[in-house]
Amino acid sequence: MLKRLDKIRFRGHKRDEFLDLAESPNASDTECSDDVPVKPRASLKDAEDLRDPAGQGAMASAIQEFQRTESDRLNEIKGHLEIALLEKHFLQEELRKLREETNVETLKQELEKERLKRIELEQKVNEVLKTRMEESQPPPKAQPPPVNGTDKRGETLYSRIQKWLYDKFGVYIEDFRFQPEENTIETEEPLSAKRLTENMRRLKRGAKPVTNFLRNLSALSNWHSVYTSAIAFIIYMNAAWHGWAIPMFLFLVILRLSLNYLIARGWRIQWSIVPEVSEPMEPPKEDLTVSEKFQLVLDVAQKAQNLFGKMADVLEKIKNLFMWVQPEITQKLYIGLWVAFISSCLLPYKLMGFSIGVYAGIKFFIIDFLFKRCPKLRDKYDTPYIVWTSLPTDPQLKERTNATVSRRIQPVTSRSSLGTNVPCGINREDEGGRSHSTKKGAFHEIFNLSEVERPLAACENGWRCCLINRDRKMPTDYIRNGVLYVTENYLCFESSKSGSSKKNKVIKLNDITDIQKYKVLSVLPGSGMGISIATPSTQKPLVFGAMIHRDEAFETIFTQYTKIMSSASSNET
């Protein structure tokens, strides 16, 4: 490009075309600063000497063409320069961005830190190796080295023996070195319907041998197969009589392991007192719809809920047994443990083993059979069963505590009501209805009802739900959250959005024309969580949706509705 610029002749009236080069982006003082040799213009005298009258027109036209081509070239070069400057600007921006993204300096610092750490670790390792080598070597003697050859041979023999012992047992000595315990954090898997279902199936398969063993024991105790139970009873009692109960159990365990080995080798051996019922294995579906996934999660969650509930009941009963929650029950266990302790101290172990074995066989094969066949005898005389069933769980203890507190409060309220002036025509139920109130005030004042009306016992705290009024078009009036109550004559809905009674809804039970269970979203599985109520004042039935205890609420409302309608029909007749 500079070579091309050297060949260009600049003229005075064309220099203003290059004035905007300094205004181009990222233009520095050094850029495009190469001195371009400028050819001096020819003087007027020289032009006059060269001017030919005959070829004046041709010369003028040639000069114009030359000037035109020269200006075009200059414009082209100017465009190339601007493009080069722009490219340089953009390249500098890209370079700056790359430096910011890569953070070369930060990486260098991190590498330097890692190198220093490595050097420190190498030094520590070398120090540890030196200390171990010093420990393994025999301590230096203060006395001067003996000159005698026998002492030298003894020292070399001692060092060889010490080295041999270290080579043979040094590995085991290193195992007894104390090291800090490493805290490993287990990674938790995200919630997945497929993973949850697979884990429940694995749990069921893993617990199947245990459940089969318990079913076989229960079948032996229930005399499901008379011949098998009789043979097992005779063998067990004979072993317990001769003191062979423990060897018999060990032999049965060895026999079971032998059978399992043969089964693992491909033998088909099936022995069970109770015939096993093979459940059909459903192949896992790959593509599930949203409704099927939701139903699958609900089924697995229900099984997990029931399983965890049973396990919690067992653990809570054991805890309450040992924590003296029921003193009369724990007292029996306490006395029994003292009797067992004294008997173990006084009686010989052979006699104790004989008595425990005989009692266990009689109880397992005869007493339990009689108790299962005769439930009344079990409720009266089966002490372990009575103790276990009478042990409370934590929810049962909480209910008992609440009931005790309510019983203590009731006499106090009755005494305080004696001091108030109560009209003679109002009974206790009316007085209780008067004292009932919600979070926003008295019940009868919120719904503008008489003081006699109060919620039924089944819905004293109401049911949380949302009222869907399909006659309204506004979103604020279409769906309203609140609480639903049922009285003797009315169905009352208390809205939670507004403090005024305009948002509340009161429906007379006599005005209801139809009541049925309703499913708000047809996509979800199940029968829904809503109740549809039709009245003459509404074009479309009112829907009370999102009710957790929908079935309980429906039964209460429907029972009270049928009661009111039957009483009204009997009055008309």
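See the structure shown above.
Criteria and thresholds
Residues numbered from 1 in each chain as written. Predicted model: local features only at pLDDT ≥ 70, side-chain atom pairs only at ≥ 80, totals over all residues. Heavy atoms only, no water. Helix = DSSP H or I, 4+ residues; strand = E, 2+ residues; numbered from the N terminus. Contact = heavy atoms within 4.5 Å. Areas by Shrake-Rupley, 256 points an atom, 1.4 Å probe, with all protein chains shown as cover. Phe/Tyr/Trp six-rings, centres within 6.5 Å; stacked < 30°, edge-to-face > 60°. Buried < 20%, exposed > 50% of the residue type's maximum accessible area, 1.4 Å probe, protein only. Core = buried A, V, L, I, M, F, W, Y, C linked by side-chain atoms within 4.5 Å. Pairing = 2+ DSSP bridges. Axes fitted to C-alpha atoms, helices over the stretch in contact; angles between N-to-C directions. Parallel < 35°, antiparallel > 145°, perpendicular 65-115°, else oblique. Nonpolar A, V, L, I, M, F, W, Y, C, P; charged D, E, K, R; others polar.

A. Seen up close, the overall build of the chain. Scanning the chain from N- to C-terminus turns up 18 helices and 9 strands. Relative to all contacts within the chain whose residues are 6 or more apart in sequence, the contacts with residues 24 or more apart total 58%. Carbon and sulfur atoms form 60% of the exposed surface of the chain, whose accessible area is close to 45,100 Å².

B. Examining the packing of aromatic side chains more closely. This structure, assessed with the given rule, holds 13 aromatic pairs. Relative to F365, the ring of F233 has its centre 5.3 Å away and its plane inclined at 65°; by these criteria the two rings are edge-to-face. You can see F233 sitting in helix α7 (residues 226-241) and its partner F365 sitting in helix α11 (residues 349-373), a full 132 residues away along the chain. For the ring pair Y236 and F365, a centre distance of 6.5 Å and an interplane angle of 40° mean the geometry is tilted. One end of the pair, Y236, is in helix α7; the other, F365, is in helix α11, with 129 residues separating them in the sequence. Relative accessible area serves as the criterion here: at 6%, F365 is assigned to the buried category.

C. Seen up close, the nonpolar core. If you look at the biggest cluster of nonpolar residues, it comprises 23 residues, and the most contacted ones within it are L484, L491 and F544. Contributing elements (two or more residues each) for this core: β3 (463-468), β4 (479-486), β5 (490-495), β8 (530-534), β9 (542-545) and α18 (550-572). Once residues lying within four places of it in the same chain are set aside, the contact partners of F544 are C465, C466, L467, L484, L491, F493, I507, M529, G530, I531 and I533. In this structure, F443, F447, V483 and C492 belong to the second largest nonpolar core, which totals 7 residues.

D. View of the sheet that holds strand β6 (residues 505-508). Ordered in space as β6-β5-β4-β3-β9-β8-β7, the 7 strands form an open sheet in which the pairing is antiparallel. The open sheet has two free edges, formed respectively by β6 and β7 (514-518), since each of these has just one partner strand. With strand direction ignored, the average angle separating the axes of adjacent strands in the sheet is 30°. Sheet topology note: the β3/β9 ladder contains 3 bridges and is antiparallel. What sits directly across from I468, in β9, is V543. Its contacts with the sheet place α18 against β3, β4, β5, β7 and β8, and it is angled at close to 170° to β7.

E. Geometry of the packing of α7 against helix α8 (residues 245-264). At their nearest, the axes of α7 and α8 sit 7 Å apart, and the two run at 135° to each other. The angle between the axes of α7 and α8 places the two elements in the oblique class. For the pair α7 and α8, contact is made by I235, Y236, A239 and A240 and by A245, M248 and F249, respectively. When its residues are assigned to classes, the contact of α7 with α8 shows 7 nonpolar, no polar and no charged.

Any functional reading would require information that these geometric values do not contain.
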